[in-house]
Amino acid sequence: MRLKSTLNDIDGLIRRGAMGLARPRLKKLSKTTLPRSLLLGFCELARRADMPILALRILSRRIRQTGRQARQALPEEQIEYGASLVKIGAIAEGLDILSKLDADHYPSVLLFQSFDNFARWNYQAAIPLLRKYILSPAPSDYDRLIGQVNLAGALVHEQHP
């Protein structure tokens, strides 16, 4: 329970923009063995705190496993891995992973595909993705706000390129 509380505290720091406080806590926490139930949340926080390499390092154990002991990564883990790849600029690889997932079932795919379009300066292609994401029932209020802010940015960019 203490680890979950720590992750919630770090989430609060990130939401307030206190990355300088969140990053050392994430780095310290990365040296502990996290249960799988908290792994995805940790990786999401790492990506959001501009530490996508940390998220990739942890998730690659699940995504890139080969051989008889390989386990299929959860779709949410694949989404976070793809989003982290987009964040570091490995856009084609990130989009390839995201495009294989059902955006109707996992709406966050739409958000990260829009970020991929932003990275390629294709704001117009991001607009319908963000609209669909915002209207889906899955996002939390915070995530919906992220979608709305990015949609506003894309619309402004298209009006004043």
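Residues numbered from 1 in each chain as written. Predicted model: local features only at pLDDT ≥ 70, side-chain atom pairs only at ≥ 80, totals over all residues. Heavy atoms only, no water.

J.: Give a description of the overall build of the protein chain that names residues and reports values.
T.: A tally of regular secondary structure across the protein chain gives nine helices and zero strands. Taking 161 residues into account, the globule formula puts the C-alpha radius of gyration at 15 Å, and the protein chain, at 16 Å, falls close to it. Of all 161 residues assigned to the protein chain, the portion counted as buried reaches 45%. Carbon together with sulfur atoms contributes 54% to the accessible area of the protein chain, which is approximately 9,300 Å² in total. (Helix = DSSP H or I, 4+ residues; strand = E, 2+ residues; numbered from the N terminus. Rg over C-alpha atoms; globule rule 2.2 N^0.38 Å. Buried < 20%, exposed > 50% of the residue type's maximum accessible area, 1.4 Å probe, protein only. Areas by Shrake-Rupley, 256 points an atom, 1.4 Å probe, with all protein chains shown as cover.)

J.: Quick rundown of a positive patch on the surface? Include the residues and the values.
T.: Taken together, the side chains of K27, K31, R57 and R61 present a region of like positive charge at the surface. Tracing the backbone shows K27 in helix 2 (residues 19-29). Assessed through its relative accessible area of 52%, K27 is described here as exposed. (Patch = residues over 30% accessible without salt bridge, like charges linked within 9 Å, V, L, I, M, F, W, Y side chains within 5 Å. Salt bridge = Lys/Arg side-chain N within 4 Å of Asp/Glu carboxyl O. Lys, Arg positive; Asp, Glu negative; His and termini not counted. Charge placed at Lys NZ, Arg CZ, Asp CG, Glu CD.)

J.: Summarise the packing of aromatic side chains; cite the residues concerned and give the values.
T.: Under the definition given, this model contains four aromatic pairs. Both rings, one in F115 and one in F118, keep their centres 6.2 Å apart while their planes meet at 35 degrees; by these two values the pair is tilted. Remark: F118 and F115 occur in helix 7 (residues 108-119); sequence separation between them is three residues, near one turn of the helix. According to the relative accessible area criterion, F115 is partly exposed, its value standing at 22%. Judged by its relative accessible area of 15%, F118 is buried. Among the aromatic side chains, those forming a connected cluster through ring pairs are F112, F115, F118, W121 and Y123. Lying across the ring of Y142, R15 places its NZ or CZ 3.9 Å from the centre. (Phe/Tyr/Trp six-rings, centres within 6.5 Å; stacked < 30°, edge-to-face > 60°. Lys NZ or Arg CZ within 6 Å of the ring centre and 35° of its normal.)

J.: Requested: an account of helix 1 (residues 2-15), with residues and values cited.
T.: A rise of 1.5 Å per residue sets the reference length of helix 1, with its 14 residues, at 20 Å; its end C-alpha atoms lie 20 Å apart and thus fit the reference within 8%. Looking at helix 1, one finds that the buried residues are T6, L7, I10, D11, G12, L13 and I14. Close packing links the buried residues of helix 1 with helix 2 and helix 3 (36-48). Looking one or two residues past helix 1, G17 carries a phi angle of roughly 85 degrees, positive in sign. (Expected span 1.5 Å × (residues − 1). Contact = heavy atoms within 4.5 Å.)

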